[in-house]
Amino acid sequence: MWITGEYTEIAPNQHLVYTESPADKDGNVISPAAMGMPEGYPATTEITVLLEDLGGRTKMVMTHAGVPAESGASGGWNQAFDKLADRIETLLNEQ
């Protein structure tokens, strides 16, 4: 599965906003239906990542706007965050 998009807001150490659209292997936007997504799935969605300094720790809140709740996208995000948590744990154990 390929995805393309663009960054629309970047505030270092504060927040990041970007778009996401289904794409072919060359980065050309294609319809969600061509990727097997359910009818009504939007062609472009928006992801917002907010970062908050908690004094030596960082709180991250991620919102993926436009994704229908029944789409199952949360499973992919959960996998990504599990991998991120594992990577952070590995890095902390190396110190």
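Residues numbered from 1 in each chain as written. Predicted model: local features only at pLDDT ≥ 70, side-chain atom pairs only at ≥ 80, totals over all residues. Heavy atoms only, no water.

## Considering the overall build of the chain
Then, in step 1: From N to C terminus, the chain includes one helix and five strands.
Then, in step 2: What you see in the chain, going N to C, is helices and strands ordered as β-β-β-β-β-α.
Then, in step 3: In summary, the chain has a C-alpha radius of gyration of 16 Å against a globular reference of 12 Å for 95 residues, an excess of more than 25%.
Then, in step 4: When each of the 95 residues of the chain is scored for burial, the buried share is 17%.
Then, in step 5: Across the chain, every contact between residues at least 6 apart in sequence was considered, and the portion connecting residues at least 24 apart equals 31%.
Then, in step 6: In the form shown here, the chain has an accessible surface area of approximately 7100 Å², with 51% of it arising from carbon and sulfur atoms.
Then, in step 7: Side chains of the chain give 5 positive and 14 negative charges; the mean places of these two sets differ by 8 Å. (Helix = DSSP H or I, 4+ residues; strand = E, 2+ residues; numbered from the N terminus. Rg over C-alpha atoms; globule rule 2.2 N^0.38 Å. Buried < 20%, exposed > 50% of the residue type's maximum accessible area, 1.4 Å probe, protein only. Contact = heavy atoms within 4.5 Å. Areas by Shrake-Rupley, 256 points an atom, 1.4 Å probe, with all protein chains shown as cover. Lys, Arg positive; Asp, Glu negative; His and termini not counted. Charge placed at Lys NZ, Arg CZ, Asp CG, Glu CD.)

## Section: the environment of Tyr18
Then, in step 1: Tracing the sequence through the fold places Tyr18 in strand E3 (residues 15–23).
Then, in step 2: As for Tyr18 and Gln79, which are separated by 61 residues in sequence, their C-alpha atoms are 20 Å apart.
Then, in step 3: Not counting chain neighbours up to four residues away, the residues in contact with Tyr18 comprise Glu6, Tyr7, Thr8, Thr45, Glu46, Ile47 and Trp77.

## Examining the confidence of the model for the chain
Then, in step 1: In the predicted model, the chain carries a mean pLDDT of 90, and 100% of its residues have values of at least 70.
Then, in step 2: Taking the mean pLDDT of every element in the chain, the minimum, 89, falls on helix H1 (residues 73–93) and the maximum, 98, on strand E2 (residues 7–11). (pLDDT = per-residue confidence, 0-100.)

## Digging into unusual backbone geometry
Then, in step 1: With phi around 65°, Asn13 is a residue other than glycine that occupies positive phi space.
Then, in step 2: Examined against the element boundaries, Asn13 turns out to sit in the loop between E2 and E3.

## A short note on a nonpolar patch on the surface
Then, in step 1: A grouping of Leu51, Met60, Leu84, Ile88 and Leu92 is seen on the molecular surface, where their side chains present a nonpolar patch of about 420 Å² in accessible area.
Then, in step 2: Looking at the nonpolar patch, the element that brings in the most residues is H1, giving three residues.
Then, in step 3: With respect to the helices and strands, the residue Leu92 is situated in helix H1.
Then, in step 4: A residue is classified by how much of its surface remains accessible, and Leu92, at 53% relative accessible area, is exposed. (Patch = residues over 30% accessible without salt bridge, like charges linked within 9 Å, V, L, I, M, F, W, Y side chains within 5 Å. Salt bridge = Lys/Arg side-chain N within 4 Å of Asp/Glu carboxyl O.)

## Quick look at the pairing of E2
Then, in step 1: Here E2 pairs with E3 via four bridges, running antiparallel. Residue pairing in the sheet places Ala11 in a bridge with His15 of E3.
Then, in step 2: The turn linking E2 back onto E3 is made up of three residues, and Asn13 within it adopts a positive phi angle of 65°. (Pairing = 2+ DSSP bridges.)

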